[in-house]
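What the coordinates show
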Amino acid sequence: APFHTVLIHGLVRDDKGRKMSKSLGNGIDPLEMIDKYGCDALRMNMITSNSPGNDMRWTETKVTNSRNFANKLWNAARFIMMNLPDGFTADALPAQMNIEDKWIVSKFNTLAKEIDENLTNFDLGVAVAKLYDFIWDVYCDWYIELAKVSLNGEGRAATLAVLRHVLICLLKMLHPFMPFITDEVYRYIPGTEGTIMLSDWPKVDDAMNFPQEAHEMEGVMDVIRAVRNLRAEMNVSVGRLA
């Protein structure tokens, strides 16, 4: 339902738990929120804040978080496209991939299967929450940072192909929830044509499951986390080597 309709029917509560309505004077103008944060951010907030059988709790902080997520996605896409050479159109995944490449491909394959099940069952809030966590924590904060090392080595072409492939797939799966930014980014990626709305939905491919490499990569990540925690506990600055 449109945002203003939801408010009129009293299905949204403010941060104090009161039902939001015009008569109480605590309603929110969706057009003001769109002007301030963008339409995609408002849509994302409405979906992630909704759970079956419960009233929606409204806080502007959640809209801010959705806007920050959109910025995170845009910056990740910009970084990838800055490194893609002109005319780069590697649609298929490379035959030879590093361990971190196989890890992200395997992780995405699992995600795609789960998202398909969530959408089939109309668990939209669950689906978008999984996409949010994957894009922010797994793809951006881990894989892109790991890929920066490979981009300076011999595996540059393979890593760029994986970066591009996974980004396109994530944009397609996020498109129903954040249609404007996903279509805008998709049109800028080399090798894509037309609107993302007419592109094929990502398919689950069992051949892209690499359980051994994924397990080994998770072990490496656990070590990295342990080192980071130890440095933080001992108040060792990030740039200090010894």
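Rules behind the numbers
- Residues numbered from 1 in each chain as written.
- Predicted model: local features only at pLDDT ≥ 70, side-chain atom pairs only at ≥ 80, totals over all residues.
- Heavy atoms only, no water.
- Phe/Tyr/Trp six-rings, centres within 6.5 Å; stacked < 30°, edge-to-face > 60°.
- Helix = DSSP H or I, 4+ residues; strand = E, 2+ residues; numbered from the N terminus.
- Buried < 20%, exposed > 50% of the residue type's maximum accessible area, 1.4 Å probe, protein only.
- Lys NZ or Arg CZ within 6 Å of the ring centre and 35° of its normal.
- Contact = heavy atoms within 4.5 Å.
- Lys, Arg positive; Asp, Glu negative; His and termini not counted.
- Salt bridge = Lys/Arg side-chain N within 4 Å of Asp/Glu carboxyl O.
- Polar contact = N/O pair within 3.5 Å; in protein donor to acceptor, adjacent residues only side chain to side chain.
- Core = buried A, V, L, I, M, F, W, Y, C linked by side-chain atoms within 4.5 Å.
- Axes fitted to C-alpha atoms, helices over the stretch in contact; angles between N-to-C directions.
- Parallel < 35°, antiparallel > 145°, perpendicular 65-115°, else oblique.
- Left-handed = near helix turned anticlockwise from the far one by under 90°.
- Nonpolar A, V, L, I, M, F, W, Y, C, P; charged D, E, K, R; others polar.
- Expected span 1.5 Å × (residues − 1).
- 1 Å grid on protein atoms, 1.4 Å probe; cavity = no way out; pocket = protein on both sides within 12 Å on 5 of 7 lines; lining within 4 Å.
- Points joined across faces, edges and corners; volume = space filled by probe spheres on them.

Observations regarding the packing of aromatic side chains
With the rule as written, the count across this model stands at 5 aromatic pairs. Look at Phe108 and Phe134: their rings are 6.4 Å apart centre to centre, the planes differ by 65 degrees, and that puts the pair in the edge-to-face class. Linking Phe108 in helix α5 (residues 99–120) with Phe134 in helix α6 (residues 124–150), this pair joins segments that are 26 residues apart in sequence. Neither residue differs from the other here; Phe108 and Phe134 are each classed as buried. Among the aromatic residues, those joined into a ring-pair cluster are Phe69, Tyr132 and Trp136. Its guanidinium or amino end placed over the ring of Phe79, Lys148 lies 5.3 Å from that ring's centre, counting from NZ or CZ.

Quick notes on the environment of Ala76
Turning to its location among the elements, Ala76 is positioned in helix α4 (residues 60–83). For the pair Ala76 and Asp141, spaced 65 residues apart in sequence, the C-alpha to C-alpha distance is 9.7 Å. Once residues lying within four places of it in the same chain are set aside, the contact partners of Ala76 are Cys140 and Ile144.

Some details on the side chain of Glu100
Secondary-structure assignment places Glu100 in helix α5. Salt bridges are absent for the buried Glu100, whose nearest opposite-charge side chain, Lys102, sits at 10 Å. Among the polar contacts listed, one links the side chain of Glu100 to the side chain of Ser150, at a separation of 2.7 Å.

A few points about the nonpolar core
What tends to happen in soluble globular proteins is that the nonpolar side chains get buried as a cluster. Counting residues in hydrophobic clusters, the biggest one holds 55 residues, and the most contacted among them are Trp103, Ile104, Tyr139, Leu163, Leu170 and Leu174. Elements represented by at least two residues in this core include exactly α3 (39–48), α4, α5, α6, α7 (156–174), α8 (179–188) and α9 (211–233). For this core, the element with the most residues is α6, which contributes 13 residues. Beyond its immediate stretch of four places on either side in the chain, Tyr139 contacts Ile80, Ile104, Phe134, Ile144, Leu163, Val166, Leu167 and Leu170. Core analysis: the next-biggest nonpolar cluster, separate from the first, contains 6 residues, Met33, Tyr37, Leu42 and Val63 among them.

Quick notes on the packing of α4 against α6
Where α4 meets α6, the axes come as close as 11 Å, and the angle between the chain directions of the two elements is 30 degrees. Relative to α6, the element α4 is oriented roughly parallel. Considering the relative orientation of α4 and α6, their crossing is left-handed. Each of Asn65, Asn68, Phe69, Lys72, Leu73, Ala76, Phe79 and Ile80 in α4 lies in contact with α6, whose residues at this interface are Tyr132, Ile135, Trp136, Tyr139, Cys140, Asp141, Ile144 and Lys148. Its residues placed into classes, the contact of α4 with α6 shows 11 nonpolar, 2 polar and 3 charged.

Let's talk about the pattern of salt bridges
Following the criterion strictly, the structure yields 7 salt bridges and no others. A salt bridge links Arg187 to Asp183; the nearest nitrogen and oxygen atoms lie 2.8 Å apart. Here Arg187 pairs with Asp183, and both are found in helix α8, just 4 residues apart, close to one helical turn. Residue Arg187 is classed as partly exposed on the basis of its relative accessible area, which comes to 46%. The exposure class of Asp183 is buried, given its relative accessible area of 13%.

Looking at unusual backbone geometry
The residue Phe122 is not glycine, and still its phi comes out positive at about 60 degrees. Tracing the chain through its elements places Phe122 in the loop between α5 and α6.

Thoughts on α7
Because an α-helix completes one turn every 3.6 residues, residues spaced three or four positions apart along the sequence face the same direction. If you check α7, its first and last C-alpha atoms are 27 Å apart, about what 19 residues at 1.5 Å a residue would give, namely 27 Å. α7 sits mainly inside the fold: 16 of its 19 residues count as buried.

Focus: the layout of surface pockets
Taken as a whole, the second largest pocket spans an internal volume of roughly 430 Å³. Around the second largest pocket, the lining is made up of 19 residues, and of these Asp91, His165, Cys169, Lys172 and Pro202 lie nearest the centre. Every element with two or more residues in the lining of the second largest pocket is listed here: α5 and α7. With 5 residues, α7 is the single largest residue contributor to the lining of the second largest pocket.

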